[in-house]
Amino acid sequence: MNITLPPKERPEWIEMVSGNLQHNYKNYVLQTRTYQLQKEVASGKKTQQQAIDELYELCAKYVLAVQPDFKIIFKTW
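Residues numbered from 1 in each chain as written. Predicted model: local features only at pLDDT ≥ 70, side-chain atom pairs only at ≥ 80, totals over all residues. Heavy atoms only, no water.

Asks: Give me the packing of helix H2 (residues 28–43) against helix H3 (residues 48–61): which residues, what numbers.
Replies: The relative placement of two packed helices comes down to the angle between their axes together with the axis-to-axis distance. Put simply, H2 and H3 touch, their axes get as near as 10 Å, and they point 165 degrees apart. The orientation of H2 with respect to H3, classified from their angle, is roughly antiparallel. The chirality of how H2 crosses H3 is right-handed. Where H2 approaches H3, its residues Val-29, Leu-30, Arg-33, Thr-34, Leu-37 and Val-41 are matched on the opposing element by Gln-48, Ala-51, Glu-54, Leu-55, Leu-58 and Cys-59. Taken together, the residues of the contact of H2 with H3 sort by class into eight nonpolar, two polar and two charged. (Axes fitted to C-alpha atoms, helices over the stretch in contact; angles between N-to-C directions. Helix = DSSP H or I, 4+ residues; strand = E, 2+ residues; numbered from the N terminus. Parallel < 35°, antiparallel > 145°, perpendicular 65-115°, else oblique. Left-handed = near helix turned anticlockwise from the far one by under 90°. Contact = heavy atoms within 4.5 Å. Nonpolar A, V, L, I, M, F, W, Y, C, P; charged D, E, K, R; others polar.)

See below:
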C-alpha cells in the first residue's frame, strides 16, 4: 500500500503554518511542530514556504501517523 501526502501547493498547508486552520490534532508531534512553525513564521524566522517544506518533510517521514489528521484537514487528494 503506497500512501502519499497532499501536494505542497494545496492551500491547507499554508493554513496549517499560518495558524488559520482550526483543527484539533490527533497526532501530538504534528500538533507541536505545526504550532512551533506558526510562531517561527509569525516572528519572521522562517518564510511560509520554508515552514511548509519542513512540515512536509516531517509528515513524509511519518506518513501513517499523520493520516488521521490529514483525512480531516485535506479531505481528498
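Asks: Break down the packing of helix H1 (residues 11–18) against H2 for me, with residues and values.
Replies: Between H1 and H2, the shortest axis-to-axis distance is 7 Å and the interhelical angle comes to 80 degrees. Classified by the angle their axes make, H1 and H2 are roughly perpendicular. From H1, Met-16, Val-17 and Ser-18 reach across to H2, where they touch Leu-30, Thr-34, Leu-37, Gln-38 and Val-41. Tallied by class, residues from the contact of H1 with H2 come to five nonpolar, three polar and no charged.

Asks: Describe in detail unusual backbone geometry, supporting the description with residues and values.
Replies: Of note in the backbone geometry, Lys-75 takes a positive phi value of approximately 60 degrees without being a glycine. Examined against the element boundaries, Lys-75 turns out to sit in the segment after helix H4 (63–73). With relative accessibility at 61%, the residue Lys-75 sits in the exposed group. (Buried < 20%, exposed > 50% of the residue type's maximum accessible area, 1.4 Å probe, protein only.)

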